[in-house]
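What follows is the residue order along each chain.
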Amino acid sequence: MAAAATATPKTAYLTVCAPPRCSQAEESLVLLREQSLLPVVTLPTGRATAPYDSPSAIRHIKKLEYVRDYLASPAGRAWDRVVVADAVDVIPSSATAESIERAFQQLGAGDDALVVSAEPACWVGEACSERAIRSMQRLSPVHFAKPHPQFPCSGQYAGSAAAVLAFATWGVAALEAPSHATPGSTSGSFSSRLASSVD
């Protein structure tokens, strides 16, 4: 008897587009919505609650709040898996829900995994300070002991809706906390996943 095929997770492409830096009517977003093989949700879904030309730390918090609030809403809870990307600096591929699921399986990424894009340069709205780099190295020493380790990039990440919601919730708390008091209960699990996700 053949095994029953598992259903492909309901997958959405969430793109963060907050004014004044980005407009919902921007041509690239219109084309994305027309051509994407995944349903596209542009965040925030309502009116932006803070200008996106605010200082860098506020922008990072707002982006994560948009993701967190949407995934905690009834509309957001409808998705099994999500890909999150900045609207202004990420060029989406022609991925399908099936190809994303295959990629997760090839990575050995389970339902609680968060897969992040990575790059050789460390950038957090501006070039990382030495202190920020040391903090990342402290949180993930195994990863940064490798030759040419990549730095996580907030421009694009993906996972189950629950994993992305957990990350966004942790990220908001971490950015709002004083630098010496980054929430530790979740940072350890995210840093260990980071080590395996960016190889």
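Overview of the structure.

Conventions adopted
Residues numbered from 1 in each chain as written. Predicted model: local features only at pLDDT ≥ 70, side-chain atom pairs only at ≥ 80, totals over all residues. Heavy atoms only, no water. Helix = DSSP H or I, 4+ residues; strand = E, 2+ residues; numbered from the N terminus. Buried < 20%, exposed > 50% of the residue type's maximum accessible area, 1.4 Å probe, protein only. Contact = heavy atoms within 4.5 Å. Core = buried A, V, L, I, M, F, W, Y, C linked by side-chain atoms within 4.5 Å. Pairing = 2+ DSSP bridges. Expected span 1.5 Å × (residues − 1).

Right, let's get into the overall build of the protein. Counting secondary structure elements, the protein contains 7 helices and 5 strands. Counting only residues that meet the buried cut, the protein has 41% of its 199 residues in that class. Expressed as a percentage of contacts within the protein between residues at least 6 apart in sequence, the contacts between residues at least 24 apart total 75%.

Another point: the nonpolar core. Core analysis: the biggest nonpolar cluster contains 25 residues, and Leu14, Val67, Leu71, Val82, Val84, Tyr157 and Val164 have the highest contact counts within it. At the level of secondary structure, the elements contributing two or more residues to this core comprise strand S1 (11–16), strand S2 (40–43), helix H2 (56–72), strand S3 (81–86), strand S4 (114–119) and helix H6 (161–176). With 7 residues, the single largest contributor to this core is H6. If near-sequence neighbours (up to four positions away) are discounted, Val84 is found in contact with Leu14, Val16, Val67, Gly155, Gln156, Tyr157 and Val164. Listed in part, the 17 residues of the second largest apolar core include Tyr13, Cys22, Ala87 and Ala109.

Within S3, 6 of the 6 residues are buried, which leaves the element mostly enclosed by the surrounding structure. Along S3, one buried face is formed by Arg81, Val83 and Ala85 and the opposite face, lined by Val82, Val84 and Asp86, is buried too. Inspection of the sheet shows S1 paired to S3 by 6 bridges, in the parallel sense. Bridged to Val16 within S3 is Asp86.

By the secondary structure assignment, Glu101 is in helix H3 (residues 97–107). Residue contacts for Glu101: discarding those within four places in its chain leaves Pro9 and Arg81.

What follows concerns H6. Between its first and last C-alpha atoms H6 spans 22 Å; for 16 residues at 1.5 Å apiece the expected length is 22 Å, and the two agree. Within H6, burial applies to Ala161, Ala163, Val164, Phe167, Ala168, Trp170, Gly171, Val172 and Ala174.

Geometry only, nothing functional implied.
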